[in-house]
Amino acid sequence: MHQINLDLSLDEISKIEGNAGLDLSIQNNQITKCHFKITEYKRFYTQAIKGKSAAAAPSLLARICGTCSNAHILAALEAIETALKITPSPQTMLLRRLIISGLIIRDHALHLYLFVLPDLFQKNSLLDFDNQDPVEHQLLHDAFAVKDAGNQLSILTGGRSVHAPYPQLGGFNQLPDPEKIPPLIQKLTAVRPAVIKLIDIFLNSPFKLIHQVPYLANKNPDYSYLTGNIVSSDGVNITPQTYRRQLKHVSLPYSQASAYTYKDTSYMVGALARINLNQSGLNSNTKTAAAKALTAFPSQNVFDNNLAQAIEILNAVDDSLDILNQTGFTPETPVKPQVNSGEGFGIVEAPRGLLYHHLTIDNLIVKDAEILVPTGQNQLNIENDIKLLVNIHLRGERSSHLGGDLKQRLTRDIEILIRAYDPCMSCASHFLKIRWK
Amino acid sequence: MVNPVKKLILGWFTFTCSEDSTMLMIEALNTRWQDWTEKIDFKYAKVLRKSSSLGPMDVAFVEGAISSDLQETKLKTIRQLAKKLVAVGSCAVTGHPSAQRNLFNPSQTQAIKPILEKFNFNSQTKKLSDIVTVDYLVPGCPMDETKFVELMNKILAQAM
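Quick caveat, the model's predicted, so the values are computed rather than measured.

Here the focus is the overall build of chain B. When helices and strands are tallied, chain B shows five helices and seven strands. Taken over the C-alpha trace, chain B has a radius of gyration of 17 Å; the compact-globule value for 160 residues is 15 Å, and the two agree within 12%. Along the first, second and third principal axes, the C-alpha set of chain B runs to 65 × 30 × 25 Å. Here chain B, with 160 residues, has 45% of them falling under the buried criterion.

Take a look at the structure:
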């Protein structure tokens with residue numbers, strides 16, 4: 001057999017959120033190094049938040065990530081409200097549900113249309129799609145229309161799609177403008193066929209990599225991103241209070257982000273985990289429209305994370321349409337804290353998976369904080385999947401009609417694989433625990 | 001045969017930040033993509049495409065503060081290649097909140113010291129104008145989208 005020796009270094013992986021790289025070495029057909037590196041420089045938020053007002057903490061922690069900022073706001077709010085014994089009203093929970101749905105639509109659409117679709121069409125960028133070609137022109141149009149619908153939903157309910165200013169401890173400081181609800185309903189309804197078409201595209205995607213790993217996700221009857229217990233694909237039910245104890249922190253000396261294991265192995269969070277574990281909670285209209293695609297789940301093909309995201313866009317559209325069509329919002333006074341000190345946990349299903357905020361509050365001041373983000377939790381799994389993919393190439397089991405030598409094929413396929421995880425490096429590099437050996 | 005229209009060559013770069021302004025730039029495309037893609041070549045924008053090595057550009061938008069010598073060197077290269085350089089978002093314009101470690105108390109500074117050493121951080125996180133000449137500022141956290149669009153239209157008008 002031909003002996004393969006190769007060094008591959010990717011300094012800047014494109015079409016992902018933030019900065020990441022990869023160092024790969026192969027000696028005599030064996031992988032001797034595979035380091036997926038998150039190279040985003042840290043900003044030390046879990047240090048900086050100490051001593052700050054609990055009321056200001058959600059807005060400050062949102063600055064961890066511009067992409068997922070509203071998920072950080074909602075996780076921090078939940079953590080502080082649990083600590084201070086604040087029970088938000090049903091209307092507040094509905095409005096927060098709409099905010100996260102806006103984020104899911106906007107963020108998944110950004111990932112699928114702008115980052116992944118070019119790979120499927122063998123283009124460098126969505127902006128290179130041929131405006132004169134009817135199919136490509138329509139996809140260009142759909143991309144920005146779907147993204148805009150999610151953006152407008154976030155703006156209506158949160159005041160802004162990034163770092164939403166309306167949500168606060170115990171409620172909202174401003175309600176959606178009732179005059180803007182009917183046009184938004186029209187916009188969401190109008191993009192629904194495009195989303196169904198997107199589901200079909202990813203149902204027929206040729207990309208495949210089967211891995212055997214545990215999945216972790218929230219489970220609840222209505223596919224809520226904000227409530228419920230965590231379940232694992234190995235049948236364990238985990239409360240928010242005990243989630244952190246299930247995970248082991250791992251320091252990777254080459255990466256600026258913390259990694260974690262579950263039961264001493266890598267695991268996966270995100271849309272694929274959610275659809276695998278909580279498909280029954282999806283909106284009934286989504287279940288009907290995506291019936292064929294849903295038969296693909298539960299799936300162990302990591303590229304079905306893309307298909308799962310497309311289904312989640314539709315679910316967020318359908319769920320938001322139900323709420324906006326059935327709900328009138330009335331002014332409420334934010335619920336006051338019952339105590340000034342305590343410890344709280346906030347778990348939100350952010351677009352890329354479980355986001356965990358653990359905050360300790362002392363006399364309405366943040367005393368301590370620990371935050372686990374989805375990309376940190378997926379980091380080891382990404383690395384293990386890269387090894388899996390490289391070994392498939394080394395065994396000669398994967399060829400490409402796109403051609404190129406092994407290095408070119410590996411570069412192309414590894415980038416496509418990393419994109420399937422939709423990693424977010426800004427989140428992942430908020431802070432690093434120091435346990436280097 | 002019609003000559004192709006000369007497009008504005010644009011670079012979009014991020015350093016130490018949350019990339020919230022990058023998100024708003026992409027959101028700005030939602031309603032302007034047909035117009036802007038006719039006039040702008042998003043040639044060096046890692047979030048939108050894989051690019052070869054950097055070359056001359058008409059305008060570079062730079063988000064984020066500068067944390068290391070490595071970032072400082074890249075920023076200087078961008079500055080040399082760009083006719084105009086725009087600092088976008090609070091971290092690029094003021095350094096903060098990414099520069100919050102500059103204000104840490106001794107205990108906090110001690111806690112992060114091993115990380116700073118391990119990953120070759122500079123002693124201070126800096127704003128762009130501490131290192132290079134900045135032609136325009138679009139402040140805000142995230143950047144003010146209206147001001148960004150106004151500036152983009154102004155730059156396009158100047159280039160036409």
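Another aspect to go through is the sheet that holds strand E7 (residues 229-232) of chain A. Where strands meet in a sheet, backbone hydrogen bonds hold them as pairs that are either parallel or antiparallel. Residue and element names in this part refer to chain A. Taken in spatial order, the three strands of this open sheet run E6-E7-E8, and their pairing is antiparallel. The open sheet is flanked by strand E6 (216-219) and strand E8 (237-238), the only strands paired with a single partner. Judged from the two bridges that link them, E7 and E8 form a sheet pairing that is antiparallel. Following the sheet pairing, Ile230 is matched in E8 by Ile238. The sheet contacts of helix H7 (residues 271-278) involve E6 and E7, and relative to E6 the element is tilted by about 50 degrees.

What follows deals with the nonpolar core. A:Ile80, A:Val195, A:Ile199, A:Ile313 and B:Val62 are the most contacted members of the largest nonpolar core, which has 173 residues in total. Sort the elements by how many residues they give to this core and helix H4 (residues 90-120) of chain A lands first, with 15 residues. Setting aside chain neighbours within four positions, we find B:Val62 in contact with B:Phe13, B:Leu75, B:Ile78, B:Leu85, B:Val86, B:Ala87, B:Val88, B:Ala92 and B:Leu128.

Next up on the list: the interface of chain B and chain A. Residue-level contacts link 37 residues of chain B with 33 residues of chain A. Secondary structure elements with two or more residues in the side of chain B that touches chain A: helix H1 (20-39), strand E4 (66-68) and helix H4 (106-118) of chain B. At 12 residues, the largest contribution of residues to the side of chain B that touches chain A is made by H1(B). Partitioning the side of chain B that touches chain A into residue classes produces 18 nonpolar, 12 polar and seven charged.

Our focus in this paragraph is the environment of A:Glu179. Turning to its location among the elements, A:Glu179 is positioned in the loop between strand E5 (171-172) and helix H6 (181-203). As for A:Glu179 and A:Leu380, which are separated by 201 residues in sequence, their C-alpha atoms are 47 Å apart.

Turning next to helix H5 (residues 134-158) of chain A. Between its terminal C-alpha atoms H5(A) stretches 36 Å, which fits the 36 Å expected from 25 residues at 1.5 Å a residue. Just beyond H5(A), the residue with positive phi is A:Gly159, at close to 90 degrees.

So, on to the sheet that holds strand E3 (residues 57-63) of chain B. Residues and elements named next belong to chain B. Here we have five strands laid out as an open sheet, ordered E2-E1-E3-E5-E7, and parallel in their pairing. Both edges of this open sheet fall to strand E2 (40-45) and strand E7 (136-138), since each of them pairs with a single strand only. Averaged over all adjacent pairs, the angle separating strand axes in this sheet is 25 degrees, with direction ignored. Two elements, strand E1 (residues 8-14) and E3, share five bridges in a ladder whose sense is parallel. The residue bridging Leu10 from the neighbouring strand is Val59, located in E3. Of the strands in this sheet, E1, E3, strand E5 (82-88) and E7 are in contact with helix H5 (residues 145-159), which crosses E7 at around 150 degrees.

All names here are of chain B. End to end, helix H2 (residues 69-81) covers 19 Å across 13 residues, agreeing with the expected 18 Å (1.5 Å per residue, within 8%). Among the residues making up H2, those that are buried are Gln71, Leu75 and Ile78. The arc that holds the buried residues of H2, viewed along the axis, is 60 degrees, so those residues lie on one side. With respect to the buried face of H2, the exposed residues turned more than 90 degrees away are Asp69, Thr73, Lys76, Thr77 and Gln80. Turning to H2, the residues buried within the fold contact E1, E3, E4 and E5.

Attention now moves to the domain arrangement of chain A. Residue and element names in this part refer to chain A. Domain boundaries in chain A define domain 1 (6-40 + 383-428) and domain 2 (45-379). Domain 1 puts 27 residues into the contact, and the matching count from domain 2 is 29 residues. If you list the elements that add at least two residues to the side of domain 1 that touches domain 2, you get strand E3 (30-38), helix H11 (374-394), helix H12 (406-420) and helix H13 (425-428). For the side of domain 1 that touches domain 2, the leading source of residues is H11, giving five residues.

A packed helix pair is summarised by two numbers, namely the angle formed by the two axes and the spacing between the axes. All names here are of chain B. Here H1 crosses H5 at 20 degrees, and the two axes come no closer than 11 Å. On the basis of their axis angle, the class for H1 and H5 is roughly parallel. Between H1 and H5 lies a crossing whose hand is right-handed. Residue-level contacts link Leu24, Met25, Ala28 and Lys39 of H1 to Glu145, Phe148, Val149 and Leu156 of H5. Partitioning the contact of H1 with H5 into residue classes produces six nonpolar, no polar and two charged.

Conventions used here
- Residues numbered from 1 in each chain as written.
- Chains lettered and ligands numbered in written order.
- Predicted model: local features only at pLDDT ≥ 70, side-chain atom pairs only at ≥ 80, totals over all residues.
- Helix = DSSP H or I, 4+ residues; strand = E, 2+ residues; numbered from the N terminus.
- Rg over C-alpha atoms; globule rule 2.2 N^0.38 Å.
- Buried ≥ 20, exposed ≤ 12 C-beta atoms within 10 Å, placed from the backbone.
- Pairing = 2+ DSSP bridges.
- Contact = placed C-beta atoms within 7 Å.
- Axes fitted to C-alpha atoms, helices over the stretch in contact; angles between N-to-C directions.
- Core = buried A, V, L, I, M, F, W, Y, C linked by C-beta atoms within 7 Å.
- Nonpolar A, V, L, I, M, F, W, Y, C, P; charged D, E, K, R; others polar.
- Expected span 1.5 Å × (residues − 1).
- Arc of directions from axis to C-beta.
- Domains from an automatic or database assignment.
- Parallel < 35°, antiparallel > 145°, perpendicular 65-115°, else oblique.
- Left-handed = near helix turned anticlockwise from the far one by under 90°.

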